[in-house]
Amino acid sequence: MMAKRYLSIHEAHELLAKGEVSSVELTEAALQRIDEVEEKLRAFVTVTRELALEQARHADERIKSGEFSVLTGIPAMIKDNMCTRGTRTTCASRMLESFVPPYDAAVVEKLNAQGMVMVGKGNMDEFAMGSSNEHSAFFPAHNPWDLERVPGGSSGGAAVSVAAGECIYALGSDTGGSIRQPAGFCSVVGLKPTYGRVSRYGLVAFASSLDQIGPVTRDVTDCAIVLNAIAGYDRQDSTSVDRPVPDYTKSLVPDISGLRIGVPREYFVEGMESGVEQVIRQAIGKLEELGAEIDWDVSLPDTPAALACYYIIAPSEAMANLARYDGVKYGYSAPEAKSMWDAMEKTRQYGFGPEVKRRIMLGTYALSAGYYEAYYLKAQKVRTLIAREFSEAFAQCDVLVTPTSPTVPFRIGEKMDDPLQMYLSDVCTLPINIAGIPGISVPAGFVDDLPVGMQILGEPFSEEMLLRVAFAYEQATGWGERKPPVQGKGR
Amino acid sequence: MRLSREEVQHIALLARLGVDEADLQKFSEQLSNILENFEILQKVDTTGVPPTSHPVALSNVIRDDEAAPSLLPGEVLANAPREEDGCFRVRAVLE
């Protein structure tokens, strides 16, 4: 059973195809691991034990019949903001604590068609608003590398479960770094695809022009496999882009010689931990050793304004999206109220947690009469500049490389009283969502046994290039091989 | 940019968010601090720069209006806090 804990998708698939292991066995191993460590990690909002075993039995039949894909029978976790028919989808919010969707998100439908085994729904910051998973209305998730520290967020549960062996892969969502930052903090691979690459149909909306779904996996090969399964146009999401989906596994070539890799100097920000900087500089040195040409002098001068730009645009979109929680159609509804307005105010007062309220307030303010031009419109113009700077940089470079986060995982509670400090945790990841470009985080090493992620960025729809660089780096270093110390019993 | 208690109360009303006295204090302080830090936006020269609302240049995505299977009323109402005769039940709008 020990050997089965940290299988990748491609390894598990090979064993399944050879008949050396069954999907039921893989699923039981994942569920057993969940039983062992979940009390300490809290990566799951809901564990779907029976559903998983039923899906596993069905997958085993498919495998026997010979009609199966690389994802058939592989245990997975879905972040709890993607609708799953018949399984509650809470967004880690009291507002949706008992919401059971009547339909599947497009990505869930796609994975189900491939024979996914869903072991559960992933813990997260409420409505994906947060960088530490501490804003879950139910309980924070813990970092498997150090239980006193955060796993990052908002897709904290997805990164924890993959890192700790509670599932083989997970889907997260990324609005300002919510896949990449926790992937970096937990030493797994996380990809935010180009905006429009993956359908958002059935993803509970946070900030509609920034949200994107992507894979959280143990290695780069798995990342390509999952992206293959979820990418593509969907008429149910009018912002998805109608563009052919390549076979992403074909880009897994360990050769980056001659590639031009840029290092934007604004990303080595003030407040960046020296240990993190050292790890990233070493990682870049490794890329150079592998034959890439490094340009240390790339500049994205408006980067310092990106944080403010993001935290005007995202809350503005969020406040409009979250207006739907009125206690009438679904979700929490205040039982006692004097009037319709009173009911709505009480519903939202109880149903939303502090960070969600803060962002609704911020967005409402930025869009209100007298401030719209100074904040929202101004932020939209700065957004244009940030996107332009990236596109100019990609005229010179094939990819850009940065740290995923300026720090190693911080202590639980450390930033909870200071929202601005928490926001700074995404300073390296959120410009990517502003520009709509793709970004991947790969394990790049450790500082005092705490993981550091390297972020690789490319122009829109350059996922193949990102996977190629990430794969070459992974093959040359193998940082992802190291596994977290979390044990079932004791500390 | 300092946000007064009254301004915070007004924003909460616009957002239909019930707040208590402690919330008003806390939000007034935190939002003021956040907005002060966002002054950096005003320093960026955006003369002649068009706004971006969306990273992909799409406009007026349309499709044919084709009939397709949809959710049954019972499925739609299954999550309703209050329902009556196949409808969402709401509180009185006019007082």
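About the criteria used
Residues numbered from 1 in each chain as written. Chains lettered and ligands numbered in written order. Predicted model: local features only at pLDDT ≥ 70, side-chain atom pairs only at ≥ 80, totals over all residues. Heavy atoms only, no water. Helix = DSSP H or I, 4+ residues; strand = E, 2+ residues; numbered from the N terminus. Rg over C-alpha atoms; globule rule 2.2 N^0.38 Å. Buried < 20%, exposed > 50% of the residue type's maximum accessible area, 1.4 Å probe, protein only. Contact = heavy atoms within 4.5 Å. Buried area = accessible area lost by both parts, 1.4 Å probe. Salt bridge = Lys/Arg side-chain N within 4 Å of Asp/Glu carboxyl O. Polar contact = N/O pair within 3.5 Å; in protein donor to acceptor, adjacent residues only side chain to side chain. Nonpolar A, V, L, I, M, F, W, Y, C, P; charged D, E, K, R; others polar. Core = buried A, V, L, I, M, F, W, Y, C linked by side-chain atoms within 4.5 Å. Phe/Tyr/Trp six-rings, centres within 6.5 Å; stacked < 30°, edge-to-face > 60°. Lys NZ or Arg CZ within 6 Å of the ring centre and 35° of its normal. Axes fitted to C-alpha atoms, helices over the stretch in contact; angles between N-to-C directions. Parallel < 35°, antiparallel > 145°, perpendicular 65-115°, else oblique. Pairing = 2+ DSSP bridges.

Draft legend 1. The overall build of chain B, seen in detail. Regarding its fold elements, chain B presents 3 helices and 2 strands. N-terminal to C-terminal, the α/β element order of chain B is α-α-α-β-β. Expected size for 95 residues packed as a compact globule is a radius of gyration near 12 Å; at 22 Å, chain B overshoots this value by more than 25%. Within chain B, buried positions represent 27% of all 95 residues.

Draft legend 2. Quick look at unusual backbone geometry. The omega angle of the peptide bond from Gly-153 of chain A to Ser-154 of chain A is 15°, so this bond is cis rather than trans. Here Ser-154 of chain A shows up in the loop between strand E3 (117–122) and helix H6 (156–164). Even without a glycine there, the phi angle at Cys-91 of chain A is positive, about 55°. Along the chain, Cys-91 of chain A falls in the loop between strand E2 (75–79) and helix H5 (106–113). Judged by its relative accessible area of 1%, Cys-91 of chain A is buried. Even without glycine at this site, Asp-85 of chain B takes up a positive phi of about 50°. Considering the arrangement of structural elements, one finds Asp-85 of chain B in the loop between strand E1 (83–84) and strand E2 (87–88). Overall, Asp-85 of chain B belongs to the exposed group, its relative accessible area being 73%.

Draft legend 3. Structural context of the interface of chain A and chain B. Facing the 69 residues of chain A at the interface are 56 residues of chain B. Between chain A and chain B, the buried area comes to about 5,300 Å², and carbon and sulfur atoms account for 66% of it. Across the chain A-chain B interface, the total number found is 3 salt bridges. In this structure, the connection of chain A to chain B is made through 17 residue pairs in polar contact (both at pLDDT 80 or more). Looking at the side of chain A that touches chain B, the elements that each hand over two or more residues are helix H10 (306–321), helix H11 (340–351), helix H12 (354–367), helix H13 (372–396) and helix H14 (419–424) of chain A. Top element by residues in the side of chain A that touches chain B is H13 of chain A. It accounts for 12 residues. Classifying every residue of the side of chain A that touches chain B by side-chain character gives 39 nonpolar, 14 polar and 16 charged.

Draft legend 4. Representation of the nonpolar core in the model. Phe-127, Phe-352, Phe-390 and Leu-400 of chain A are the most contacted members of the largest nonpolar core, which has 73 residues in total. For this core, the secondary-structure elements that each account for two or more residues are H10, H12, H13, H14 and helix H15 (430–435) of chain A together with helix H1 (5–14) and helix H2 (21–37) of chain B. Looking at which element gives the most residues to this core, the answer is H10 of chain A, with 10 residues. The contact partners of Leu-400 of chain A, leaving out residues within four places of it in the chain, are Gly-262, Pro-264, Val-298, Leu-300, Phe-390, Ala-393, Phe-394, Gln-455, Ile-456 and Leu-457 of chain A. Formed by 69 residues, the second largest nonpolar core is a distinct cluster that contains Leu-26, Tyr-169, Ile-225 and Ile-284 of chain A.

Draft legend 5. Geometry of the environment of Ser-333 of chain A. Within the secondary structure, Ser-333 of chain A is located in the loop between H10 and H11. Since its relative accessible area comes to 12%, Ser-333 of chain A is described here as buried. Considered as a pair, Ser-333 of chain A and Ala-343 of chain A are 10 residues apart in the sequence and their alpha carbons are 7.5 Å apart. Sequence-distant contacts of Ser-333 of chain A, defined by excluding residues within four places in its chain, comprise Gly-327 and Thr-347 of chain A together with Pro-81, Arg-82 and Arg-91 of chain B. A polar contact is formed between the side chain of Ser-333 of chain A and the backbone oxygen of Gly-327 of chain A, at a distance of 2.8 Å.

Draft legend 6. Focus on the environment of Val-442 of chain A. Residues and elements named next belong to chain A. Its place among the elements puts Val-442 in strand E10 (residues 439–447). Put simply, Val-442 and Gly-453 are 11 residues apart on the chain and 5.4 Å apart in space, counted from C-alpha to C-alpha. Each residue touching Val-442, except ones within four places of it in the same chain, is listed here: Val-189, Val-220, Val-452, Gly-453, Met-454, Ile-456, Ala-470 and Tyr-473.

Draft legend 7. Looking closely at the packing of aromatic side chains. Residues and elements named next belong to chain A. What the rule picks out here adds up to 18 aromatic pairs over all chains. When the centroid spacing of 6.5 Å and the interplanar angle of 45° are considered together, the rings of Tyr-371 and Tyr-375 count as tilted. Residue Tyr-371 is classed as partly exposed on the basis of its relative accessible area, which comes to 24%. With a relative accessible area of 3%, Tyr-375 lands in the buried category. The side chain of Arg-42 reaches across the aromatic face of Phe-139, ending 3.8 Å from its centre.

Draft legend 8. Molecular detail of the packing of H12 of chain A against H13 of chain A. Residues and elements named next belong to chain A. Closest axis-to-axis distance for the H12/H13 pair is 6 Å, and the angle between their directions is 105°. Looking at the two axes, H12 sits roughly perpendicular to H13. Together, Tyr-365, Ala-366 and Leu-367 of H12 and Tyr-372, Tyr-375 and Tyr-376 of H13 make up the contact between the two elements. Of the residues belonging to the contact of H12 with H13, the class tally is 6 nonpolar, no polar and no charged.

Draft legend 9. Inspection of the sheet that holds strand E8 (residues 293–298) of chain A at higher detail. Residue and element names in this part refer to chain A. Taking strand neighbours across the sheet as the criterion, the 11 strands line up as E1-E3-E2-E4-E6-E5-E10-E11-E9-E7-E8 in an open arrangement whose pairing is mixed. Edge positions in the open sheet fall to strand E1 (44–47) and E8, since each of these has one partner strand only. When strand polarity is set aside, the average angle formed by the axes of neighbouring strands in this sheet is 30°. Pairing analysis gives 8 bridges linking E10 to strand E11 (residues 450–457), with the strands arranged antiparallel. The residue bridging Gly-445 from the neighbouring strand is Val-452, located in E11.

Draft legend 10. Representation of the pairing of strand E7 (residues 260–264) of chain A in the model. Residues and elements named next belong to chain A. Counting buried positions over the 5 residues of E7 gives 4, a clear majority of the element. In this sheet, E8 lies alongside E7 in parallel orientation, the contact comprising 4 bridges. Bridging from a neighbouring strand, Ile-261 pairs with Ile-294 of E8. For E7 and strand E9 (residues 399–403), the ladder comprises 2 bridges, and the chain directions are parallel. Its bridge partner being in E9, Gly-262 is matched across the sheet by Leu-400.

Draft legend 11. Broad picture of the packing of helix H9 (residues 274–289) of chain A against helix H16 (residues 463–477) of chain A. Residue and element names in this part refer to chain A. H16 packs onto H9 with a crossing angle of 100° between their chain directions and a minimal axis gap of 10 Å. By the criterion of interaxial angle, the relationship of H9 to H16 is roughly perpendicular. Where H9 abuts H16, its residues Ala-283, Lys-286 and Leu-287 lie against Val-469, Tyr-473, Ala-476 and Thr-477.

No statement about biological role is implied by the geometric values presented.
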